[in-house]
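Analysis of the macromolecular model
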Amino acid sequence: MRTKLALFLVLCFALTCLTAQAQTIEKTFFHQLKVGEQPQSWEHRIDLPEEAAMQGRVFVARSLDLRMGKLVIESELFTPTFYYVKVRLPKHPEVPMAGNLTVELKIGDVLSNVAPQAASQLALSEYGATLKPIFTWKTPARYAAITLYDLTEQNTVWERVSTTCGYIGFDEGWLKKDHRYRWAVKVSEVNGRYSPEVMAGFRIEEQNGVVIAIPD
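Residues numbered from 1 in each chain as written. Predicted model: local features only at pLDDT ≥ 70, side-chain atom pairs only at ≥ 80, totals over all residues. Heavy atoms only, no water.

**Examining the pairing of strand S5 (residues 82-89)**
Regular strands place side chains that alternate from one sheet face to the opposite one. Burial analysis of S5 places six of its eight residues in the buried class, the great majority of the element. Note that strand S2 (residues 40-47) and S5 share eight bridges and pair antiparallel. Bridged to Asp47 within S5 is Phe82. Here strand S4 (residues 72-78) runs beside S5; their pairing, made up of six bridges, is antiparallel. The partner of Val72 across the bridge, within S5, is Arg88. Between S4 and S5, which pair antiparallel in sequence order, lie three residues. (Buried < 20%, exposed > 50% of the residue type's maximum accessible area, 1.4 Å probe, protein only. Helix = DSSP H or I, 4+ residues; strand = E, 2+ residues; numbered from the N terminus. Pairing = 2+ DSSP bridges.)

**Section: the layout of surface pockets**
The probe, sized like a water molecule, is rolled over the atoms to show the empty space still left. Its boundaries defined by the atoms lining it, the largest pocket holds a volume of some 430 Å³. As for the largest pocket, its lining consists of 22 residues, and the residues nearest its centre are Leu66, Leu71, Val72, Thr164 and Ile168. In this model, the second largest pocket occupies a volume close to 230 Å³. Lining of the second largest pocket is provided by 15 residues; of these, Ala123, Leu124, Ser125, Ala213 and Pro215 occupy positions nearest its centre. (1 Å grid on protein atoms, 1.4 Å probe; cavity = no way out; pocket = protein on both sides within 12 Å on 5 of 7 lines; lining within 4 Å. Points joined across faces, edges and corners; volume = space filled by probe spheres on them.)

**Some points on the pairing of strand S13 (residues 198-207)**
For strand S12 (residues 180-188) and S13, the ladder comprises six bridges, and the chain directions are antiparallel. Looking at the pairing, Val185 lines up with Val198 of S13. As judged from the six bridges shared by S13 and strand S14 (residues 210-215), these two strands associate in the antiparallel manner. Looking at S14, one finds that Glu205 is bridged to Ile212.

**Considering the nonpolar core**
Counting residues in hydrophobic clusters, the biggest one holds 29 residues, and the most contacted among them are Ile73, Leu101 and Val103. Mapped by element, the contributors of at least two residues to this core are strand S1 (24-33), S2, strand S3 (58-65), S4, S5, strand S6 (97-108) and strand S9 (143-150). Sequence-distant contacts of Ile73, that is, excluding residues within four places in its chain, are made with Leu64, Leu66, Val85, Lys86, Val87, Leu101, Glu159, Arg160, Val161 and Thr163. With 18 residues, the next largest nonpolar core counts Ala144, Leu148, Ile168 and Trp183 among its residues. (Core = buried A, V, L, I, M, F, W, Y, C linked by side-chain atoms within 4.5 Å. Contact = heavy atoms within 4.5 Å.)

**As for the pattern of salt bridges**
Enumeration over the complete set of coordinates arrives at twelve salt bridges. Note that Arg203 is salt-bridged to Asp216, the shortest N-O span being 2.7 Å. Here the residue Arg203 occupies a position in strand S13, and Asp216 occupies one in the segment after S14, the gap between them amounting to 13 residues. One network of salt bridges, in which partners are shared, links Arg88, Arg160, Asp171 and Glu172. (Salt bridge = Lys/Arg side-chain N within 4 Å of Asp/Glu carboxyl O.)

**Structural notes on the sheet that holds S6**
Strand pairing within a sheet occurs via backbone hydrogen bonds; the two strands may be parallel or antiparallel. With respect to topology, three strands assemble into an open sheet ordered S1-S6-S3, the strand pairing being antiparallel. Two strands in the sheet have a free side with no partner beyond their single neighbour: S1 and S3. For this sheet, the mean angle separating the axes of adjacent strands, direction not counted, is 20°. In terms of strand pairing, S3 meets S6 through seven bridges, oriented antiparallel. Following the sheet pairing, Val58 is matched in S6 by Gly108. (Axes fitted to C-alpha atoms, helices over the stretch in contact; angles between N-to-C directions.)

**With respect to the confidence of the model for the protein chain**
Predicted confidence across the protein chain gives a mean pLDDT of 90, with 90% of residues reaching 70 or more. Taken together, the stretch residues 4-21 has pLDDT below 50 and engages in five contacts with residues farther than four places along the chain or on a different chain. (pLDDT = per-residue confidence, 0-100.)

Structural data, given as structure tokens:
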């Protein structure tokens, strides 16, 4: 009897450990804008459960799903004890918009500090419009944070976190003719550690009646 009881307790302990190791938190954030409403941003924060914190456990990975709707991510911050994300619905006032973001956070014992290598071959896709470009880069990493800076006006005009490996389209407004731009990209995997940032530049000009983007 004692042997059976001991085996039962060991099995229960093993199952408890496996459950703890695989513990995840999933949150879905839904937003919508009605006709006539202006573009809007929202901020969300997910904290590590108190029980996990008392056990010395931390967030070790995050997964982002933006497949449903038009919601985009402006920025994020992944730490051992909380996850912060800023999302946005960019829209034209005459068109209703909606979308959701699903965030899955994995809880574990050790957070990896390994970051991927920097992205390479930054370019504007030939399939994008000049004033509404598609930014591309080469990397095996799934996620990327992109910043677009207007050198002519000296301000940041666009920030996004891409969940599609290697590209993202400019999704709000239009770029301006006779302006110079510089964009930067850094990439990450599920542990949220970002690579060094790399940059590229271009200017938009009109030549022979055609507006084109010229790499700087």
